[in-house]
Amino acid sequence: MDGALTFLGIETSCDDTAAAVVRSVPGGPGAILSSVVLGQAALHAAFGGVVPEIAARAHAEKADLAVEAALAQAGTGLGALDGIAVTSGPGLIGGLLAGVMLARGLAAATGLPVIGVNHLAAHALTPRLTEGLAFPYLVLLVSGGHAQFLRAQGTSAFARLGGTIDDAPGEAFDKVAKLLGLPQPGGPSVEAEAAKGDPARFALPRPLLDRPGCELSFSGLKTAVLRARDGLVAAQGGLTEADRADLCAAFQAAVAEVLAEKTRRALAAAGTGALAVAGGVAANGTIRAALQAVAEAAGARFLAPPLALCTDNGAMVAFAGAERWREGAQSGDDLAARPRWPLDAASPAMLGGGKKGAKA
Ligand code: KG4
Ligand code: ZN
């Protein structure tokens, strides 16, 4: 017995219905036996953001199909599993309920343990899944619903060093895309436009850079893009291709610069020899490069998961569930969805709720 555990992971907290089977060994990286992600982008495209009711219905319709496909691709039956992990929070309540009910049903039918996983912890533990990174390390979690610096100290021990006081960066990318008429999700479309643009043409603000600490803010930056767009439209009746590309480049450069400087401070405060990024925004090449430079300057190791593991997926949930189970987590036969679930209970609660649900 080598302590290996095979877990099914189910993820339905936002707009991706995902399931995966992962085999993990103590302390080492995990092996992803299958990972299925059924995105909902097409369902929400007409609304310029995630519509919670539509998301919940789609999760309820597709979650069992995702599980079936994940088991088939892994060549595993339910009987070969050691446990079932499911994202039980934070996120949109309807989607969380769909996943939790499915997981509880499967657990009741098979007798397997069911482990409720914190979605943010799953993102934050991804460098252990991919590389077996040892604690402690600093994680910058940047997604459509979240932005925070976490000192990862154990599978459920995270100290929050700072985070956004308003929008999440992915949310800002999505809003900027919307106001420039680019497709959702905004991150990839803004990044593609930015590659053709001049980041120096528009002078956008660098929010909170002049204040000490690691807090972040992105809503003023988005408003600055809106004003610049309106100025161009008023002056010339519309936007040229170059205007759009330059605005995207300027916005992306501002986000990258702010994240880099705040990360430099967080790394110094955390005192760890490794920096890991997680969340959908970590897929951005310019932002990754800026963060990598910060890590190198501090002599710290830099870890960025492969793109498919940056965005929401079931593998990170399966892995986090296995790690928690190995450490003695109880089976949640009465597991409940938890829309708000801060990772660091000792930190003050975050204000506001993003378009992707409550911010933890
Ligand atoms: O982690 P994730 O899949 O979902 C959660 O929000 O939990 O992150 C999705 C977010 C979206 O806001 C999307 O626009 C952003 O990540 N994103 C990006 C890029 N790819 C995805 N932002 C910037 N650049 C990208 N290449
Ligand atoms: Zn996420």
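Predicted model only: the values in this text are computed from it and were never measured. (Residues numbered from 1 in each chain as written. Chains lettered and ligands numbered in written order. Predicted model: local features only at pLDDT ≥ 70, side-chain atom pairs only at ≥ 80, totals over all residues. Heavy atoms only, no water.)

### Let's talk about the domain arrangement of the protein chain
What counts here: These domain limits were set by an automatic method or by a database of domain assignments. Whether two residues touch is decided by their heavy atoms; if any such pair falls within 4.5 Å, the residues are in contact. Buried area adds together the accessible area that both of two parts lose upon being put together, with accessible area traced by a 1.4 Å probe. Salt bridges are defined as contacts in which a side-chain nitrogen from Lys or Arg sits within 4 Å of a carboxyl oxygen from Asp or Glu. The term polar contact refers here to a pair of N or O atoms within 3.5 Å; inside protein, the definition further demands a hydrogen-donor-capable atom paired with an acceptor-capable atom, and it admits residues adjacent in sequence only when both atoms are side-chain atoms.
Domain boundaries in the protein chain define domain 1 (5-132 + 309-326) and domain 2 (137-308). Contact residues are listed per partner, giving 19 residues for domain 1 and 24 residues for domain 2. Regarding the contact of domain 1 and domain 2, the summed buried area is about 1800 Å², with carbon and sulfur atoms giving 69% of it. Area buried by domain 1 at its contact with domain 2 is led by L120, A124 and C310, which between them contribute 31% of it. At the surface where domain 1 touches domain 2, the tally comes to one salt bridge. Among the ionic pairs, E131 bridges to R301, the shortest N-O distance being 2.8 Å. On inspection of domain 1 and its partner domain 2, the count reaches nine residue pairs in polar contact (both at pLDDT 80 or more).

### Here we look at the coordination of the zinc ion (ligand 2)
When a metal carries six donors in an octahedron, the ideal angles between them are 90 or 180 degrees, while four donors in a tetrahedron ideally lie at 109.5 degrees. Just so we agree on the cut-off: Atoms of type N, O and S within 2.8 Å of a metal are treated as its donors, and for Na, K and Ca the window is 3.2 Å; water is not considered, so some sites may appear to be missing partners. All geometry calls rest on donor angles, where a four-donor set with angles between 85 and 135 degrees is tetrahedral, four- and six-donor sets with opposite donors more than 155 degrees apart and all others between 65 and 115 are square planar and octahedral, and all else is irregular. Each residue is placed in one exposure class: buried if its accessible area under a 1.4 Å probe, protein chains only, is under 20% of its type's maximum, exposed if it is over 50%, and partly exposed if it falls in between.
Looking at the metal site, the zinc ion (ligand 2) is ligated by H119 (NE2), H123 (NE2) and D312 (OD), spaced 2.1 to 2.2 Å from it. Geometry at the zinc ion (ligand 2) is irregular, judged from its four donor atoms and the angles of 92 to 152 degrees they form at the metal. On the basis of relative accessible area, H123 is assigned to the buried category, the value being 2%.

### So, the site of ligand 1
Put simply, the rule is: Residue proximity to a molecule or strand is established when one non-hydrogen atom of the residue lies within 4 Å of it. In this text, helices come from DSSP runs of H or I with a minimum length of four residues, and strands from runs of E with a minimum of two, each type numbered from the N-terminal end. The nonpolar class holds Ala, Val, Leu, Ile, Met, Phe, Trp, Tyr, Cys and Pro. Asp, Glu, Lys and Arg form the charged class, and all remaining residues, Gly among them, are polar.
Taken together, 22 residues sit near ligand 1, with G144, D174, G187, E191 and G280 positioned nearest. Take G145: an N or O atom from its main chain is 3.4 Å from an oxygen atom of ligand 1. Within the backbone of G170, a nitrogen or oxygen atom sits 3.1 Å from an oxygen atom of ligand 1. For the shell around ligand 1, the elements supplying multiple residues, two or more each, are α4 (119-124), α6 (169-179) and α7 (186-194). The leading source of residues in the shell around ligand 1 is α7, at four residues. Here the shell around ligand 1 is composed, by residue class, of six nonpolar, 12 polar and four charged.

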